[in-house]
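Overview (structure and organization)
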Amino acid sequence: MFLLVAINTKYIHSNPSVYSLKAYANKVNNTGDSIVIAEYTINQLKEDIIADIYSKHPDAVGFSSYIWNITYIKNIICELTKLLPETHIWLGGPEVSYDAEDTLLTMPGVKGIMIGEGEETFSELALLYYEACCDSKTVSDSKLGNIAGITYRKDNGDIIIGSQRELTDLSSLPFLYSDLSQFENKIIYYETSRGCPFRCSYCLSSIDKTVRLRSMDVVVKELQYFLDNKVKQVKFVDRTFNCNKAHAMAIWQYILDHDNGVTNFHFEIEANLIDEDEARLLSKFRPGAVQLEIGVQTTNVDTLKEINRETNIEGLRKSVGIIRDAHNIHIHLDLIAGLPFEDYHSFAKSFDDVYSMGPEQLQLGFLKLLKGSKMHDMAEDYGIVATSEPPYEVLYTRWISYEEIRKLKAIEEMVETYYNSNQFTVTLPLAMRAYTSPFAFFEKLAKFYKEKGYFEKSPSRIHRYDVLLEFLETDDNQEKDSIDLCKESLTVDLYLREYLKSRPEFAADIKEHKEAIRDILNKESAEHKILGDDYMGLDPKTLGRSVWVEPVHYDFKTGSRLKKTSYIIFDYKNRNPLTGDGKVVIL
């Protein structure tokens with residue numbers, strides 16, 4: 001048996017690589033049950049993973065290796081070689097493909113490494129072990145020498161570097177998801193292209209400069225399978241999905257024409273490539289049907305030039321604005337801290353530039369010196385110092401200090417908690433009016449968290465609201481009336497998400513509004529002019545347990561106080577598919 005092992009970061013993740021290796025090997029060699037997949041997570045005890053692998057007594061084990069699991073894998077291999085000394089251990093994946101010989105020298109328990117794309121290489125390797133097992137023999141070094149795309153250790157200890165493997169025709173790869181029961185409650189990853197036309201120096205995709213596409217005849221059948229089975233989400237792993245306009249448009253058009261009302265499709269795109277045709281097509285999707293992830297990385301012109309990114313920032317802003325203004329697509333924008341020529345103040349500007357584009361999520365990431373990338377090779381020239389162990393994340397550079405990187409780490413956490421959660425959409429714009437920029441707001445909030453020791457705690461959801469209010473109340477930038485406004489906006493933010501069992505302490509007393517609220521519910525129960533059919537026939541009492549009516553005294557767009565009390569009805573049966581907020585009706 002050849003055991004393919006995937007160690008994922010979370011249970012909801014799957015590893016399409018090992019499934020593709022097995023599917024292709026069975027297609028070309030019909031090796032049947034001799035190839036077995038075992039998936040684990042880095043949150044499991046190593047002892048339990050080792051015990052499970054041992055119980056299978058495989059002839060060979062292949063580990064899918066990435067920066068997030070390689071340290072875990074190394075520890076497992078150390079113990080596994082003691083328990084299964086006759087079992088050959090193989091590695092594959094981006095973390096070992098670019099320094100295979102060094103990896104073998106530092107990991108004596110590993111037999112060999114599959115380099116680059118693995119489908120054809122593994123199919124030949126798996127066949128060797130299958131035939132050897134059938135004949136009760138061991139795999140010989142001479143036969144391994146006939147396989148391209150591997151670097152391996154001979155029985156005498158010599159390391160042999162094999163010839164390079166030619167790239168695979170993507171349309172020849174089997175579909176991975178004929179049995180969806182294996183992926184229940186997991187993200188479905190799907191691939192229609194490999195390679196990238198861009199040359200970003202920090203990215204491994206720039207190594208494979210040839211973009212190969214899976215045939216549309218094959219793709220549409222597989223998309224329809226996902227749609228027919230009402231898969232919750234399909235995440236495309238194509239590095240730059242829209243690098244080929246015709247390919248991207250054909251897929252988007254098919255999804256639009258066959259939308260099942262359920263499935264969400266996630267794409268990583270280059271926003272500068274979006275033209276009017278693509279923008280017009282994207283604007284037609286059902287809200288929530290599509291998510292777009294866009295790697296901005298920086299808006300510093302010198303940095304963009306140095307990392308080989310041809311980005312027109314104003315063009316990108318325009319493209320993002322067109323997509324955002326359609327109010328139907330979830331937009332995720334990425335930044336990377338630690339790039340050449342980007343200091344702390346430059347990064348703050350990049351952050352503010354991207355924040356102003358109004359994405360649903362803003363991912364603040366940190367440079368990783370990936371083996372095989374140009375950035376890795378240029379690190380010394382740039383004065384970039386990164387961690388010695390995976391994920392090889394930047395510690396400091398010639399332009400940004402370690403202390404500043406730590407500050408950005410704290411700011412990242414604040415952005416995750418208060419912006420990316422989409423739980424403070426009313427309050428944040430109001431609170432930020434007192435600051436010179438969004439970055440300045442998050443910077444000061446992170447400092448407050450650190451001084452109060454809140455980073456060391458795991459607060460409940462309501463605690464995050466309390467802390468934000470505490471921050472605003474103690475901040476000299478905020479005026480008294482602004483605090484009253486933010487108390488009310490925080491209350492609205494809470495009710496946007498859920499019908500609360502208990503009212504937060506900072507929320508205003510609404511006893512004097514009880515009669516007005518009762519009149520609203522009575523009138524709606526009788527006339528059904530405000531809410532949809534979901535509430536038809538409900539008596540006032542039942543209706544009051546299904547929706548929430550909140551009195552408000554401010555205009556949340558302008559921050560000005562209203563001349564008379566207004567009322568908001570929160571409809572939880574009809575939510576915003578992009579944010580999850582209940583539908584709002586303002587009376």
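Relevant structure appears above.
These numbers come from a predicted model, not from an experiment.

Quick notes on the rules
Residues numbered from 1 in each chain as written. Predicted model: local features only at pLDDT ≥ 70, side-chain atom pairs only at ≥ 80, totals over all residues. Heavy atoms only, no water. Axes fitted to C-alpha atoms, helices over the stretch in contact; angles between N-to-C directions. Helix = DSSP H or I, 4+ residues; strand = E, 2+ residues; numbered from the N terminus. Parallel < 35°, antiparallel > 145°, perpendicular 65-115°, else oblique. Left-handed = near helix turned anticlockwise from the far one by under 90°. Contact = heavy atoms within 4.5 Å. Nonpolar A, V, L, I, M, F, W, Y, C, P; charged D, E, K, R; others polar. 1 Å grid on protein atoms, 1.4 Å probe; cavity = no way out; pocket = protein on both sides within 12 Å on 5 of 7 lines; lining within 4 Å. Points joined across faces, edges and corners; volume = space filled by probe spheres on them. Buried < 20%, exposed > 50% of the residue type's maximum accessible area, 1.4 Å probe, protein only. Pairing = 2+ DSSP bridges. Right-handed = clockwise from strand over helix to strand, strands pointing away. Salt bridge = Lys/Arg side-chain N within 4 Å of Asp/Glu carboxyl O. Expected span 1.5 Å × (residues − 1). Phe/Tyr/Trp six-rings, centres within 6.5 Å; stacked < 30°, edge-to-face > 60°.

Observations concerning the packing of helix H2 (residues 46-56) against helix H3 (residues 70-83)
- Two numbers describe how H2 lies on H3: the axes approach to 10 Å, and their chain directions differ by 45 degrees. Viewed along their axes, H2 and H3 adopt a mutual orientation that is oblique. Between H2 and H3 lies a crossing whose hand is right-handed. For the pair formed by H2 and H3, the contact residues are Lys46, Ile49, Ile50, Ile53 and Tyr54 on the first element and Tyr72, Asn75, Ile76, Glu79, Leu80 and Leu83 on the second.
- Split into classes, the residues belonging to the contact of H2 with H3 amount to eight nonpolar, one polar and two charged.

Things to note about the layout of surface pockets
- In this structure, the second largest pocket occupies an estimated 1100 Å³ of space.
- If you go around the second largest pocket, you meet 33 residues; those closest to its centre are Thr425, Val426, Leu496, Lys557 and Asp581.
- If you list the elements that add at least two residues to the lining of the second largest pocket, you get helix H15 (402-420), helix H16 (427-431), helix H19 (480-497), strand E18 (547-554), strand E19 (561-575) and strand E20 (582-586).
- The leading source of residues in the lining of the second largest pocket is E19, at three residues.
- When its residues are assigned to classes, the lining of the second largest pocket shows 21 nonpolar, seven polar and five charged.

Describing the environment of Ala279
- For Ala279, the position within the fold is in helix H10 (residues 276-282).
- Exposure remark for Ala279: the relative accessible area of 9% places this residue in the buried category.
- A sequence separation of 43 residues divides Ala279 from Ile322, and the C-alpha atoms of the two residues are 6.9 Å apart.
- Ala279 has contacts with Ile274 and Ile322, leaving out every residue within four places of it along the chain.

Focus on the pairing of strand E3 (residues 60-64)
- Of all five residues that make up E3, five are buried, and the element is covered over most of its length.
- Side chains of E3 alternate between two faces, with Ala60, Gly62 and Ser64 and Val61 and Phe63 buried alike.
- The sheet contact formed by strand E1 (residues 2-8) and E3 spans four bridges and is parallel. Residue pairing across strands places Leu3 opposite Val61, the latter belonging to E3.
- Two elements, E3 and strand E4 (residues 88-92), share five bridges in a ladder whose sense is parallel. The partner of Val61 across the bridge, within E4, is Ile89.
- The parallel pair E3 and E4 is bridged by H3, and the resulting crossover is right-handed.

Some remarks on the pattern of salt bridges
- Across all of its chains, the model carries 34 salt bridges by this definition.
- Close ionic contact of Arg194 with Glu191 constitutes a salt bridge, the shortest N to O distance being 2.9 Å.
- Note on Glu191: relative accessible area 27%, which makes it partly exposed.
- In this structure, Lys407 engages Glu443 in a salt bridge whose closest nitrogen and oxygen atoms are separated by 3.6 Å. A residue pair is termed long-range when its members are at least 10 positions apart, and Lys407 in helix H15 and Glu443 in helix H17 (residues 438-452) qualify at 36 residues.
- Taking relative accessible area as the criterion, Lys407 reaches 40% and is therefore assigned partly exposed.

Looking at the packing of helix H1 (residues 16-29) against helix H6 (residues 119-134)
- One way to put it is that H1 packs onto H6 with a least axis distance of 8 Å and a crossing angle of 60 degrees. Classified by chirality, the crossing of H6 by H1 is right-handed. Judged by residue contacts, Ser20, Leu21, Lys22, Tyr24, Ala25, Val28 and Asn29 of H1 engage Glu119, Glu120, Phe122, Ser123, Glu124 and Leu127 from H6.

Notes on H15
- With 19 residues, H15 extends 25 Å between its outermost C-alpha atoms, agreeing within 8% with the 27 Å of an ideal straight helix rising 1.5 Å per residue.
- Those residues of H15 that sit buried are Ile405, Leu408, Ala410, Ile411, Glu412, Met414, Val415, Thr417, Tyr418, Tyr419 and Asn420.
- Within two residues after H15, Asn422 carries a phi angle of roughly 55 degrees, on the positive side.

A closer look at the environment of Met432
- Its location among the elements puts Met432 in the loop between H16 and H17.
- A relative accessible area of 10% means that Met432 is categorised as buried.
- Distance from Met432 to Phe442, taken between C-alpha atoms, is 9.1 Å for residues ten residues apart in sequence.
- Among all residues touching Met432, those that are not within four sequence positions of it are Tyr355, Pro438, Phe441 and Phe442.

Focus on the packing of aromatic side chains
- Following the criterion strictly, the structure yields 41 aromatic pairs and no others.
- Residues Tyr19 and Phe183 carry aromatic rings whose centres are separated by 4.8 Å and whose planes lie at 55 degrees to one another, so their mutual orientation is tilted. Residue Tyr19 is located in helix H1, and its partner Phe183 is located in the loop between strand E7 (159-161) and strand E8 (188-190); the two are separated by 164 residues in the primary sequence. Each member of the pair, Tyr19 as well as Phe183, carries the same accessibility label: buried.
- Here the aromatic rings of Tyr449 and Tyr454 are separated by 5.7 Å at their centres, their planes lie at 75 degrees, and the arrangement is edge-to-face.

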